Number of protein chains: 2
Amino acid sequence: MPDKLIVQKYGGTSVADIDRIRSVARRCLETQLAGNDVAVVVSAMAGETNRLLALTHELHGEVNDREVDVVVATGEQVSVGLLALAIRALGGQAQSFLGHQVKIVTDDSHARARIRSIDPEPLRACFREGKIAVIAGFQGVDEAGNITTLGRGGSDTTGVAIAAALHADVCEIYTDVDGVFTADPRVVPEARQIERISYEAMLELASVGAKVLQIRSVEMGMKYGVPIHVRSSFHHQSGTWVVPEEQAMEHVLVSGIAAVRDESKITVRAVPDIPGVAAKLLSPLADAGIVIDIIVQNVSRDGSTDMSFTLPRQDRERAIAILRDQAGELCPDDRLAWSDGVAKISVVGVGMRSHAGVARRMFQLLSDEGINILMISTSEIKISCVILEKYAELALRVLHEGFDLHLPPEDRASP
Amino acid sequence: MPDKLIVQKYGGTSVADIDRIRSVARRCLETQLAGNDVAVVVSAMAGETNRLLALTHELHGEVNDREVDVVVATGEQVSVGLLALAIRALGGQAQSFLGHQVKIVTDDSHARARIRSIDPEPLRACFREGKIAVIAGFQGVDEAGNITTLGRGGSDTTGVAIAAALHADVCEIYTDVDGVFTADPRVVPEARQIERISYEAMLELASVGAKVLQIRSVEMGMKYGVPIHVRSSFHHQSGTWVVPEEQAMEHVLVSGIAAVRDESKITVRAVPDIPGVAAKLLSPLADAGIVIDIIVQNVSRDGSTDMSFTLPRQDRERAIAILRDQAGELCPDDRLAWSDGVAKISVVGVGMRSHAGVARRMFQLLSDEGINILMISTSEIKISCVILEKYAELALRVLHEGFDLHLPPEDRASP
């Protein structure tokens with residue numbers, strides 16, 4: 001019996017050329033030789049998905065299309081064939097699998113399909129023959145056999161889904177950073193690598209700008225209890241484990257801090273405070289595929305209220321045009337305002353559930369530096385503040401130090 | 001009811017870039033708008049198959065491998081997605097199909113698989129919805145669902161096989177020449193386009209160097225009675241029809257003349273004239289994948305004989321090494337000779353069956369120009385002579401004129 005069943009997922013930069021593919025092959029073989037069954041999920045070679053999308057874009061503007069998926073799914077197909085050859089060239093045994101060959105069945109939403117089921121039997125047969133299974137990430141087939149893709153970062157989700165289907169001991173996500181950090185180390189040099197983090201906190205961190213994992217892969221890991229190990233493909237040191245909350249040994253107040261830049265804020269003043277107004281303002285934007293983030297509405301005064309929301313800066317111009325066109329009676333020009341230079345700073349930590357002091361501390365730390373808070377939004381384990389973007393780096397550093405994240409968890413001021 | 005069911009096949013140069021893909025899309029739509037059901041088979045964009053093979057070659061020297069097929073099959077997958085998008089961009093309806101989606105089931109010989117069956121039902125459903133079916137050439141799946149490919153030029157075979165499965169009225173093979181010619185027009189400017197030719201004559205012409213059609217596609221057309229129309233993608237004039245012999249109206253003595261260059265000749269002198277010697281000499285070469293062409297053996301003299309055969313020049317060095325290594329006792333160095341600069345000139349025509357004069361005429365025409373014949377091989381409808389390569393062009397022109405191929409069929413000297 002093999003020691004463990006390990007799923008490894010390698011991204012596009014890890015398989016960017018033949019030499020790096022050989023490195024990945026070596027790592028897969030080392031893992032197998034240590035006594036484990038190994039399934040590897042790979043992305044397209046770096047740049048390949050964009051090249052293929054550019055080809056389709058000359059003929060068709062949209063991404064969510066059956067035929068666009070047919071074209072872009074080839075990127076991962078090339079990777080699995082080459083990695084299987086590389087493993088064999090090193091003396092190992094390997095077999096590649098495409099979405100339709102492992103029956104990764106999804107819904108039929110092209111370019112953003114969701115996995116419904118996976119047939120683990122072909123992979124188990126592969127292990128029984130002593131082979132490493134090399135699986136194309138990012139792709140599946142719908143019930144009718146049409147090729148689908150899972151959206152950007154979808155290979156992470158493939159990796160975790162394969163691990164769930166195989167009841168694997170771990171899904172290792174290999175990346176070009178050492179793991180998940182308390183803040184972006186490029187901005188906050190004192191940022192520390194997180195050893196263990198709960199699925200919940202990881203979800204919040206991912207949703208506010210920590211781009212190490214696709215959000216859906218974390219959701220899937222949480223749903224099926226798959227331990228996810230985010231680690232570097234450049235060395236063998238341990239990275240960050242994403243695990244159930246009870247196993248996330250670091251019972252810290254704050255896990256990490258993240259920033260989302262390039263945001264815009266739109267405000268509509270003095271809208272009537274009656275049911276249906278928010279829907280009337282925001283539905284046309286949702287229909288146009290514009291993702292609204294933080295929404296705040298002031299208390300009513302004289303039967304009217306102010307409403308503000310943030311959105312990616314690239315969508316702001318289109319959003320204003322849609323509001324004027326489809327909700328003009330609610331937002332005449334003299335009551336419609338916007339500003340482009342804002343950022344969202346978020347503090348995330350499961351410890352917040354039981355400690356009310358985090359919000360107050362966050363506001364105080366920002367205030368001490370003269371950073372004005374434009375909007376506030378909170379969830380059970382996250383507090384987000386919208387501030388002027390020029391203060392984003394300063395805010396990250398101040399909050400990082402203020403919450404003692406530069407210290408090991410055991411040395412931090414108790415909540 | 002639609003007028004006809006037409007299968008069209010476009011090669012790599014016809015889909016080399018987005019503009020050319022748009023041209024193909026227009027032609028498909030024209031054909032559909034004229035009242036026909038249309039299935040289109042496409043190759044990979046020009047250069048793509050070689051690019052993909054080069055990637056695999058860095059990891060694995062051989063071509064006939066499961067994983068190499070996984071990689072190279074992506075070329076056609078990109079083409080079908082793009083062509084379907086291009087047809088829709090012009091206002092038409094289209095759907096792409098991969099090998100596994102039309103169940104193009106083959107044997108499991110990777111890189112040279114042979115088609116066993118095709119399920120026409122998905123294509124018929126596509127026609128019922130008013131769509132053009134866009135099918136990936138060159139690829140299939142074996143019984144176990146592994147991806148296979150059909151070898152160079154395999155998309156021709158896919159086209160004819162799809163036409164056979166659908167009982168199509170015609171399989172149109174689009175190419176960058178106007179059709180099949182009585183000789184290569186680049187060498188013989190007087191060469192005439194052939195209007196109709198029988199499968200048998202086309203097979204012989206293809207086997208001796210007329211590269212317009214893959215041989216297996218002609219065999220398949222003959223087996224299932226699929227009329228093949230070889231024509232230009234640059235204009236709308238009729239090309240060459242490949243049809244059953246009774247429909248090949250031109251009852252000509254000679255259909256065409258072709259040359260194969262870059263051949264080598266190997267001679268083994270004084271081998272014992274006993275059973276099994278030929279097999280002993282040639283089996284090791286076949287095992288090494290070296291394709292031997294013409295084989296001649298002299299009449300026996302004193303219990304021994306001379307044996308000569310031709311082969312592609314690129315294989316000659318390897319062949320000599322194999323002969324020395326595995327059949328050294330039959331061909332010691334003083335009885336083994338070779339020369340590299342030879343070519344094979346062939347005259348093909350179904351009329352030869354009933355007219356013995358063609359061979360004599362061919363030898364006389366070559367002799368009149370002082371061209372020495374090194375080897376002769378004949379079939380029912382073909383005569384091939386091996387000559388020094390430096391005389392190949394002269395021989396082509398002399399034979400072309402000597403058999404009156406520069407004249408319309410009705411004006412040629414009667415057999």
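All values derive from a computational prediction rather than experimental measurement. (Residues numbered from 1 in each chain as written. Chains lettered and ligands numbered in written order. Predicted model: local features only at pLDDT ≥ 70, side-chain atom pairs only at ≥ 80, totals over all residues.)

(A) Geometry of the overall build of chain A. When helices and strands are tallied, chain A shows 12 helices and 18 strands. Against the 2.2 N^0.38 benchmark of 22 Å for 415 residues, chain A shows a C-alpha radius of gyration of 23 Å, consistent with a compact globule. Overall size of chain A, expressed as C-alpha extent along the three principal axes, is 75 × 55 × 35 Å. Burial analysis of chain A (415 residues in total) assigns 47% to the buried set. Considering only intrachain contacts with a sequence separation of at least 6, the fraction spanning at least 24 residues in chain A is 75%. (Helix = DSSP H or I, 4+ residues; strand = E, 2+ residues; numbered from the N terminus. Rg over C-alpha atoms; globule rule 2.2 N^0.38 Å. Buried ≥ 20, exposed ≤ 12 C-beta atoms within 10 Å, placed from the backbone. Contact = placed C-beta atoms within 7 Å.)

(B) Highlighting the relation of the copies chain A and chain B. Mapping chain A onto chain B is achieved by rotating through 179° and translating by 0.1 Å along the same axis, at an RMSD of 0.3 Å. In short, the pair behaves as if placed about a two-fold rotation axis. Identified as the residue of chain A closest to the rotation axis by C-alpha distance is Thr74(A), at 2.6 Å. Interface overlap between copies: 100% of the residues of chain A at the interface are likewise at the interface in chain B, consistent with a symmetric, same-surface contact. (Least-squares fit on C-alpha atoms with pLDDT ≥ 70 in both.)

(C) Highlighting the sheet that holds strand E3 (residues 94–97) of chain B. Residues and elements named next belong to chain B. The strand order E3-E6-E2-E1-E9-E11-E12-E10 describes an open sheet built from eight strands, whose pairing is mixed. Looking along the sheet, the strands with just one partner apiece sit at the ends: E3 and strand E10 (196–198). Neighbour-to-neighbour, the strand axes of this sheet turn through a mean angle of 20°, independent of strand direction. In the sheet, strand E9 (residues 170–175) pairs with strand E11 (residues 228–232) via five bridges, with the strands oriented parallel. Bridge pairing in E11 links Ile 173 to Val 230. (Pairing = 2+ DSSP bridges. Axes fitted to C-alpha atoms, helices over the stretch in contact; angles between N-to-C directions.)

(D) Here's a closer look at the sheet that holds strand E18 (residues 382–388) of chain A. All names here are of chain A. Spatially, E14-E15-E13-E16-E18-E17 is the arrangement adopted by the six strands of the open sheet, whose pairing is antiparallel. Strands with a single pairing partner mark the edges of an open sheet, and in this sheet they are strand E14 (295–297) and strand E17 (375–379). Looking at each pair of strands side by side, their axes are set apart by 30° on average, direction ignored. Relative to E18, E17 runs antiparallel, the two being bridged by five bridges. Its bridge partner being in E18, Thr 378 is matched across the sheet by Ile 383.

(E) Representation of the interface of chain A and chain B within the structure. Counting residues at the interface gives 25 residues for chain A and 25 residues for chain B. Top element by residues in the side of chain A that touches chain B is helix H4 (residues 74–89) of chain A. It accounts for 10 residues. Here the side of chain A that touches chain B is built from residues that sort into 14 nonpolar, nine polar and two charged. (Nonpolar A, V, L, I, M, F, W, Y, C, P; charged D, E, K, R; others polar.)

(F) Structural detail: the environment of Val63(B). All names here are of chain B. When you line up the elements, Val 63 lands in the loop between helix H2 (48–57) and helix H3 (66–72). Through-space distance from the C-alpha of Val 63 to that of Ala 86 is 32 Å; in sequence the pair is 23 residues apart. Excluding its chain neighbours within four sequence positions, the residues that come into contact with Val 63 are Val 68 and Ala 111.

(G) Up close: the confidence of the model for chain A. In this model, chain A carries an average pLDDT of 91, and 99% of its residues clear a pLDDT of 70 or more. Under the prediction, the complex receives an ipTM of 0.82, its pTM being 0.85. (pLDDT = per-residue confidence, 0-100.)

(H) Broad picture of the environment of Ala25(B). Residue and element names in this part refer to chain B. Checked against the element boundaries, Ala 25 lands in helix H1 (residues 18–33). Sequence separation of Ala 25 and Ala 86 is 61 residues, and the distance between their C-alpha atoms is 5.9 Å. Once you skip the residues sitting within four places of it in the chain, Ala 25 turns out to touch Leu 83, Ala 86, Ile 87 and Leu 90.

(I) Fine view of the packing of helix H11 (residues 357–368) of chain A against helix H12 (residues 392–402) of chain A. Residues and elements named next belong to chain A. Contact pair H11 / H12: the axes reach a minimum separation of 10 Å and the direction vectors enclose 130°. One element, H11, and the other, H12, form an angle in the oblique class. In terms of crossing hand, the pair formed by H11 and H12 is right-handed. Residues Arg 361, Met 362, Leu 365 and Leu 366 of H11 lie in contact with H12, whose contacting residues are Ala 395, Val 398, Leu 399 and Gly 402. Its residues assigned to classes, the contact of H11 with H12 comprises six nonpolar, one polar and one charged. (Parallel < 35°, antiparallel > 145°, perpendicular 65-115°, else oblique. Left-handed = near helix turned anticlockwise from the far one by under 90°.)

(J) View of the nonpolar core. Within the largest apolar cluster, 256 residues are counted, with the highest numbers of intra-cluster contacts made by Leu83(A) and Leu83(B). Filtering out sequence-adjacent residues up to four positions away, Leu83(B) remains in contact with Val15(B), Ile21(B), Val24(B), Ala25(B), Val40(B), Val42(B) and Val134(B). (Core = buried A, V, L, I, M, F, W, Y, C linked by C-beta atoms within 7 Å.)

(K) Just helix H12 (residues 392–402) of chain B, in detail. All names here are of chain B. Regarding H12, the residues found buried are Ala 392, Ala 395, Leu 396, Val 398, Leu 399 and His 400. The inward-facing, buried residues of H12 contact strand E13 (256–272), strand E16 (336–348), helix H11 (357–368) and strand E18 (382–388). Taken from the residues just after H12, Asp 404 is the one with a positive phi, measuring 60°.

(L) Highlighting the pairing of strand E11 (residues 228–232) of chain A. Residue and element names in this part refer to chain A. Across the five residues that make up E11, a large majority, four, are buried. Sheet topology note: the E11/strand E12 (residues 240–243) ladder contains three bridges and is antiparallel. Bridge pairing links Ile 228 to Val 242 in E12.

(M) Examining the packing of helix H7 (residues 199–207) of chain A against helix H8 (residues 215–224) of chain A more closely. All names here are of chain A. Taken N-terminus to C-terminus, the directions of H7 and H8 make an angle of 170°; their axes are 9 Å apart at the nearest point. Considered as vectors, H7 and H8 are oriented roughly antiparallel to each other. In this structure, H7 uses Tyr 199, Met 202, Leu 203, Ala 206 and Ser 207 to contact H8, whose residues at the interface are Ile 215, Val 218, Glu 219, Gly 221 and Met 222. Partitioning the contact of H7 with H8 into residue classes produces seven nonpolar, two polar and one charged.

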